[in-house]
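Architecture and fold: a report
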Amino acid sequence: MHPALLAIRDATLQTSFENDLFLVGGAVRDELLGLPPKSDFDLVTRGSSAELAQLLYQKKVSTIFPVTYERFGTAMVQVADVAIEIVTARKESYDENSRKPHVEPPSYEDDARRRDFTANTLMRNLHSGELKDPLGTGMADLSAKILRTPLDPVETFRDDPLRMLRAVRFRWQLGFEPAPGLYEAIRETRDRLKIISFERIRDELLKMLSRPTGPEALDELLKLGLMETIAPEFEDMVGVEQGNYHHLDVWDHTLLVIRNAWRVMGESDASVDTRALILSALFHDVGKPPTRIIDEEGRTRFFGHESVGEEMTRKILRRWKLSEREIDPVALLVKNHMRLGSSPTFSKPAARRLIRDLGDYVEELLLLVEADASSLRPGVRALDLDPIRERLSQVCHETPREVLDSPLTGEEIMSILGIQPGPEVGRWKSLLTERVLDGELAPGDKQAARQLLTAT
């Protein structure tokens, strides 16, 4: 048992909560499935969650003052550095245009009925260790790996539409099969997802994308009609044929690139930003549908799709409420994903510019390009990244990224040329930076930079 649960168990001995306090939900489910334990715990009691939280705080088991939500009958505590939600067993009903429930005190059976899926209704007594199956169906569905709602699925999804996304996530995270009628209910109630905040939608999406089965989950979201609310831009990819070196439409190609991104990441020894890489694989061709043309020779073209894709990526990720700090590397990778295939050779100046522009995300770009190139039509000669990696390694060894800039500051340029602050200073600084990148000016060589300025 996790130390946080042990501490709560011991603190509630010889109190009204003894043998009336249960671990419920994903922790019990995953334990029974033999999955690695996580520090993500939910407790349920027929007593008052607020009183239990106060008791744990008074006994110095919880390190935070109780955070209670009376309308929901919940309280948050923090024990052994783990945030734990305590719920008073309850029965819920919902208004049509809200996911905030009206709560009534009930039995454990009633509490189980208001949960999302039967596999998440199983409970383990924190004191005796007894396993409880309040509805009598949770254990059977767990053993059969069936994803079933405790109530009619239409009612369950209307009450809390986020459960539609959770259904798809659990389907691919746990390898469950949807019960008959489950996906039909999602299609029927899919418009209800519009009442859910994008913060909550985003969290479910990121959990799906954090696993190699993310492409299957995304495809299912699209086929169930949920992508219309999440990102209709992805629906526009379906059926957009690419021709030339491609054998898949833009959507299926994108899913294959995500799969290949997981593969090449697993084969790489480098430490990378997994979220940025997978999101960039998802968004790398989002700019293709609005830029598609057929040229005079009948070839399909997507001129500037990487720049359009960068703008669309920022727009969608802002809609999903990611921070600019999280968005920037994804947009950077999308903007540059065509860069390495634009020239037959990869020179030292090109390597310096790539290092300067990509910063800490050079390796992520290489993996994205590799995943993209390996998703082309079978038989198409893939881009050989080995010479590029060798050139980058050589340049990095010769020149640290930090000095791939003008040797002179703006103030130094103004002093040497006797000019005032303004655009001219920026133009001179850019000229010096370009000379460094081209190898015509040694990084940090202030004397040569001064001579260049005065001789120009």
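For the structure, check the block above.
To start, this report covers the structure provided alongside it. Sequence order as written defines residue numbering, which begins from 1 separately in each chain. Since the coordinates come from a predicted model, pLDDT governs what is reported: local features require at least 70, and pairs of side-chain atoms require 80 or more to be given and counted, while whole-chain, interface and lining totals use all residues. Processing note: side-chain calculations cover all non-hydrogen atoms of the structure and skip hydrogens and water entirely.

Position of L376 among the secondary structure elements: in the loop between helix 19 (362-373) and helix 20 (386-398). For the pair formed by L376 and N244, sequence separation is 132 residues and the distance between their alpha carbons is 9.5 Å. What makes two residues a contact is simply this: any of their non-hydrogen atoms within 4.5 Å. The contacts of L376, once residues within four sequence positions are left out, are Y245, H246 and H247. Numbering of helices and strands starts at the N terminus; helices are DSSP runs of H or I of at least 4 residues and strands are runs of E of at least 2.

Okay, the nonpolar core next. Of all hydrophobic cores here, the largest spans 120 residues; its most connected members are L221, I230, F234, F283 and W320. Top contributing element to this core by residue count: helix 13 (residues 250-267), with nine residues. Once you skip the residues sitting within four places of it in the chain, L221 turns out to touch L165, V168, L205, M208, L226, M227 and I230. Nonpolar cores are built from buried Ala, Val, Leu, Ile, Met, Phe, Trp, Tyr and Cys residues. Side-chain atoms within 4.5 Å join them into one set. With a 1.4 Å probe rolled over the protein chains alone, any residue whose accessible area is under 20% of its type maximum counts as buried; one over 50% counts as exposed, and the rest are partly exposed. In terms of nonpolar packing, the next biggest core, distinct from the first, is built from six residues, F22, V24, V44 and M123 among them.

Before going further, it helps to examine the packing of helix 16 (residues 305-319) against helix 17 (residues 324-336). Between helix 16 and helix 17, whose axes approach to 8 Å, the crossing angle comes to 160°. Overall, the two elements helix 16 and helix 17 adopt an arrangement that is roughly antiparallel. Seen from above, helix 16 lies across helix 17 with right-handed handedness. Contact residues: E306, G309, E310, T313, R314, L317 and R318 in helix 16; E324, I327, D328, V330, A331, V334 and K335 in helix 17. When residues are sorted by character, Ala, Val, Leu, Ile, Met, Phe, Trp, Tyr, Cys and Pro go into the nonpolar class, Asp, Glu, Lys and Arg into the charged class, and all the rest, Gly among them, into the polar class. A breakdown of the residues in the contact of helix 16 with helix 17 according to their chemical character gives five nonpolar, two polar and seven charged. Axes here mean lines fitted to C-alpha atoms, for a helix over just the part in contact, with angles spanning 0 to 180 degrees between N-to-C directions. When describing relative orientation, an angle under 35 degrees is termed roughly parallel and one over 145 degrees roughly antiparallel, while 65 to 115 degrees is termed roughly perpendicular and anything else oblique. What makes a crossing left-handed is the near helix being turned counterclockwise from the far one by less than a right angle; a clockwise turn instead makes it right-handed.

Quick look at the sheet that holds strand 8 (residues 123-125) now. Two strands qualify as a pair provided that DSSP identifies no fewer than 2 bridges between them. The strand order across the open sheet formed by seven strands is 3-4-5-2-1-8-9, and the pairing between neighbours is mixed. The sheet terminates laterally at strand 3 (67-69) and strand 9 (131-132), the two strands that pair on one side only. Where strand 2 (residues 41-45) meets strand 5 (residues 82-88), five bridges bridge the pair, whose relative direction is parallel. From the neighbouring strand, L43 faces strand 5, where its bridge partner is I86.

Moving on, we get to the environment of A89. You can see A89 is positioned in the loop between strand 5 and strand 6 (91-94). Exposure remark for A89: the relative accessible area of 3% places this residue in the buried category. Distance in space between the C-alpha atoms of A89 and A112 is 8.5 Å, their sequence separation being 23 residues.

The next thing to look at is the pairing of strand 5. Burial analysis of strand 5 places five of its seven residues in the buried class, the great majority of the element. As paired elements, strand 4 (residues 74-79) and strand 5 share six bridges and run antiparallel to each other. Note that in strand 5 the partner of M76 across the bridge is E85.

Pairing of aromatic rings covers Phe, Tyr and Trp, the last through its six-membered ring, and needs centres within 6.5 Å; plane angles under 30 degrees mean stacked, over 60 mean edge-to-face, and all others mean tilted. Per the counting criterion, the structure on display carries six aromatic pairs. An angle of 85° between the planes, with centres 5.9 Å apart, marks the rings of F117 and F170 as edge-to-face. With F117 in the loop between helix 4 (108-113) and strand 8 and F170 in helix 7 (residues 162-173), the pair connects residues that are 53 residues apart, well separated along the chain. Both residues of the pair, F117 and F170, count as buried. Each residue in the set F234, W251, F283 and W320 is aromatic and connected to the rest through ring pairs, giving one cluster. Distance and angle both matter: a charge sits over a ring if NZ of Lys or CZ of Arg is within 6 Å of the ring centre and within 35 degrees of the ring normal. For the cation-ring pair, K288 lies above F302, with the distance from its terminal atom to the ring centre recorded as 4.8 Å.

Right, let's get into the environment of E204. Summarising the element assignment, E204 is placed in helix 9 (residues 198-209). Judged by relative accessible area, E204 falls into the buried class, the value being 4%. Distance from E204 to R377, taken between C-alpha atoms, is 32 Å for residues 173 residues apart in sequence. Residues contacting E204, with those up to four places away along its chain left out, are L162, L165, R166 and R169. A polar side-chain atom of E204 sits 2.6 Å from a polar atom in the side chain of R169. Each polar contact in these results corresponds to two N or O atoms within 3.5 Å; when the atoms are within protein, one needs to be able to donate a hydrogen and the other to accept it, and residues that are neighboring in sequence are counted only if both atoms are side-chain atoms.

As a further point, take empty space enclosed by the protein. Every definition here rests on a 1 Å grid over the protein atoms only: cavities are sets of points where a 1.4 Å probe fits but cannot get out, pockets are open sets enclosed by protein on both sides within 12 Å along at least five of seven lines, and lining residues have some atom within 4 Å of a point. Grid points are joined across faces, edges and corners, and a volume is the space filled by probe spheres set on the points. Tallying each qualifying case throughout the model produces one cavity of 30 Å³ or more. In this structure, the largest cavity is lined by R169, W172, Q173, K207, M208, R211, T213 and A217. Counting only elements with at least two residues in the lining of the largest cavity, the list comes to helix 7 and helix 9. Element by element, the count of residues in the lining of the largest cavity is highest for helix 7, at three residues. The class makeup of the residues in the lining of the largest cavity is three nonpolar, two polar and three charged.

So, about the pairing of strand 1 (residues 21-24). Burial along strand 1 is two-sided: the residues L21 and L23 and F22 and V24 are all buried. Summarising the sheet, strand 1 and strand 2 pair through four bridges and their orientation is antiparallel. Across the sheet, residue V24 finds its bridge partner in strand 2, namely D42. Note that strand 1 and strand 8 share three bridges and pair antiparallel. When the bridges of strand 8 are listed, V24 appears paired with M123.

Another aspect to go through is the layout of surface pockets. Over the atoms rolls a probe the size of a water molecule, and in doing so it shows where empty space is left. Here the second largest pocket is characterised by a volume of approximately 930 Å³. Along its surface, the second largest pocket is lined by 30 residues, and Y245, H246, M338, G341 and L376 are the ones closest to its centre. For the lining of the second largest pocket, the secondary structure elements donating two or more residues are strand 13 (300-301), helix 16 and helix 19. Take the lining of the second largest pocket: its biggest share by element is three residues, from helix 19. Across the lining of the second largest pocket, the residue classes tally to 11 nonpolar, 10 polar and nine charged.

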